Amino acid sequence: MKINGVEIADTFAEICEMKVSRFLITALNDELAYECALKTVGFGTSVIMCPCEAGIDIKASSTPDNRAGYYVQMFHFSEEKLGKSLLTRIGQCVLTHPTTAVFNGLNDAEGYFDVGKKIKYFGDGFEKQGEINGRKVWIVPRMDMDFIIEENIGYKTGFAGGNFIIMAENLPSALLSAKMAVEAIKSVEGVIAPFPIVSSGSKVGSNKYKFLKASINEKFVPKLRDVVESEVPENAKAVYEIVINGLSLEAVKEAMKRGIESACRVDGVVKISAGNYEGKFGKYKVYLHELFES
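Calculation notes
- Residues numbered from 1 in each chain as written.
- Predicted model: local features only at pLDDT ≥ 70, side-chain atom pairs only at ≥ 80, totals over all residues.
- Heavy atoms only, no water.
- Salt bridge = Lys/Arg side-chain N within 4 Å of Asp/Glu carboxyl O.
- Helix = DSSP H or I, 4+ residues; strand = E, 2+ residues; numbered from the N terminus.
- Buried < 20%, exposed > 50% of the residue type's maximum accessible area, 1.4 Å probe, protein only.
- Contact = heavy atoms within 4.5 Å.
- 1 Å grid on protein atoms, 1.4 Å probe; cavity = no way out; pocket = protein on both sides within 12 Å on 5 of 7 lines; lining within 4 Å.
- Points joined across faces, edges and corners; volume = space filled by probe spheres on them.
- Nonpolar A, V, L, I, M, F, W, Y, C, P; charged D, E, K, R; others polar.
- Axes fitted to C-alpha atoms, helices over the stretch in contact; angles between N-to-C directions.
- Parallel < 35°, antiparallel > 145°, perpendicular 65-115°, else oblique.
- Left-handed = near helix turned anticlockwise from the far one by under 90°.
- Phe/Tyr/Trp six-rings, centres within 6.5 Å; stacked < 30°, edge-to-face > 60°.
- Pairing = 2+ DSSP bridges.

Colleague: In this structure, what is going on with the pattern of salt bridges? I would like to understand it.
Modeller: Using the criterion set out here, one finds 14 salt bridges in the structure. Lys59 is paired through a salt bridge with Asp30; the nearest N and O atoms lie 3.1 Å apart. In this pair, Lys59 sits in strand β4 (residues 53-59) while Asp30 sits in helix α1 (residues 30-40), placing the two residues 29 residues apart along the sequence. A relative accessible area of 49% places Lys59 in the partly exposed class.

Colleague: What is the right way to read the environment of Ile139 from this model?
Modeller: Relative to the helices and strands, Ile139 is located in strand β9 (residues 135-140). The sequence separation of Ile139 and Met74 amounts to 65 residues, and the corresponding C-alpha distance is 24 Å. When sequence neighbours within four positions are dropped, the list of residues in contact with Ile139 reads Glu127, Lys128, Gln129, Gly130, Asp146, Phe147 and Ile148.

Colleague: Help me understand the layout of surface pockets, please; the structure alone is not making it clear to me.
Modeller: Rolling a probe over the atoms, with the probe sized like a water molecule, indicates the empty space that remains. Roughly 650 Å³ of volume is contained in the largest pocket. Ser46, Ile48, Ser202, Ala214 and Phe281 are, among the 29 residues lining the largest pocket, the residues nearest its centre. When residues of the lining of the largest pocket are traced back to their parent elements, those giving at least two are β3 (12-27), β11 (153-168), β13 (197-198), β14 (202-204), β15 (214-216) and β16 (238-246). The computed volume of the second largest pocket comes to approximately 390 Å³. For the second largest pocket, the lining is made up of 19 residues, of which Tyr34, Ile56, Val182, Lys186 and Ala193 are closest to its centre. Residue contributions to the lining of the second largest pocket peak at six residues, all from β4. Looking at the lining of the second largest pocket residue by residue, the class counts come to 15 nonpolar, one polar and three charged.

Colleague: Would you mind showing me how to read unusual backbone geometry here?
Modeller: Negative phi is the rule for most residues except glycine; trans is the rule for most peptide bonds. Note the cis peptide between Phe195 and Pro196, where omega equals -5°. With respect to the helices and strands, Pro196 occurs in the loop between β12 (191-192) and β13. In this structure, Asn66 takes a positive phi of about 60° despite not being glycine. For Asn66, a relative accessible area of 70% puts it in the exposed group.

Colleague: Which parts of the structure should I look at to understand the packing of α1 against helix α2 (residues 79-94)?
Modeller: Angle between the axes and distance between the axes are the two parameters that describe a pair of packed helices. Relative to each other, α1 and α2 sit at 140°, their axes nearing to 9 Å. By the angle between their directions, the pair α1 and α2 is classed as oblique. As for how α1 packs across α2, the hand of that crossing is right-handed. Side by side, α1 and α2 meet where Cys36, Lys39 and Thr40 of the first sit next to Arg89, Cys93 and Val94 of the second. Each residue belonging to the contact of α1 with α2 can be placed in one class, and the counts come to three nonpolar, one polar and two charged.

Colleague: Is there a simple way to think about the packing of helix α4 (residues 171-185) against helix α5 (residues 249-263) in this case?
Modeller: Running from N to C, α4 and α5 point in directions that differ by 145°, and their axes come no closer than 8 Å. In this structure, the crossing between α4 and α5 has a hand that is right-handed. Together, Ser177, Met180, Ala181, Ala184 and Ile185 of α4 and Ala255, Arg258, Gly259, Ser262 and Ala263 of α5 make up the contact between the two elements. Per-class residue counts for the contact of α4 with α5 are six nonpolar, three polar and one charged.

Colleague: Sorry, what's going on with the packing of aromatic side chains here?
Modeller: For any pair of aromatic rings, the description consists of the separation of the ring centres together with the inter-plane angle of the planes. Scanning all chains against the criterion turns up six aromatic pairs. Judged by centre distance (5.3 Å) and plane angle (65°), the rings of Tyr34 and Tyr70 are edge-to-face. Of this pair, Tyr34 sits in helix α1 while Tyr70 sits in strand β5 (residues 68-76), placing them 36 residues apart in sequence. A relative accessible area of 9% places Tyr70 in the buried class. With 6.0 Å between their ring centres and 50° between their planes, Tyr209 and Phe211 make a pair best called tilted. Taking the relative accessible area as the measure of exposure, Phe211 reaches 68% and is therefore exposed.

Colleague: Would you explain the pairing of β3 in this entry?
Modeller: The side chains of a regular strand alternate between both faces of the sheet. For β3, the tally of buried residues reaches 15 of 16 residues, placing the bulk of the element in the interior. Note that β3 and strand β18 (residues 284-287) share four bridges and pair antiparallel. The partner of Ala13 across the bridge, within β18, is Val286. The sheet contact formed by β3 and β11 spans six bridges and is antiparallel. Residue pairing in the sheet places Ser21 in a bridge with Tyr155 of β11. Taken together, the nine bridges between β3 and β5 define a ladder with antiparallel strand orientation. Note on β5: the bridge partner recorded for Ala27 is Ala68.

These figures capture arrangement, not role.
Written as structure tokens, this is what we have:
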């Protein structure tokens, strides 16, 4: 299969289940809301070493307090560690940011973290309970204005590790196609690209160092093409990976499709593939060709 002359490998992306929480950050204006969302998802690329995987989902079209807002997603295998990351990031990044408020962002939650009920203690007895559009919230006094946070923030089973790998003739083409792919992914509600562009694509474990959780995916490293069983074409000199997490498998698939279509519009891109790990990572397989069959 080819798209705009770019070979699409007959392979699949391997995807796993993780717990995901989604919440809405609002603020006085768009700039303040986006700045807060951006710092809230920092150090959230991969749970290999980060406390969680995190990213900005999408700008909200409407919010409970009628202000600017952005949805944020956070992922972890452990419900306990996800809840801890939620508490620390909202407490240290959102509560401290000018004019912000936080609301639950999941209508189909499987469970809830009582983050608001815990953060209310920062009010040191001056906090009050309230309601906004039917949502139970806590009102915590701050120096600029009250901090509003919904008492419970939902979580559910999400999907992580959707991916595709861009191979190009040169670095500028590879980088431009990766950037265009990420922009296309941003148009899909319900997904995040936590890196968003990966230069150090990895595999599960290590062939040499058994204590490692992950190591280089050598078959996609151009300079190793002549010493390993490589998947990099002879005319490819630069490779990037795009990783996608989402609230549903369908959303991840749609984001992969739009990202690949956008990447293939760039001159110099020669091949698109995907990462899979013999079932070591996840039980779901998203075949690249099937994304375009309909």
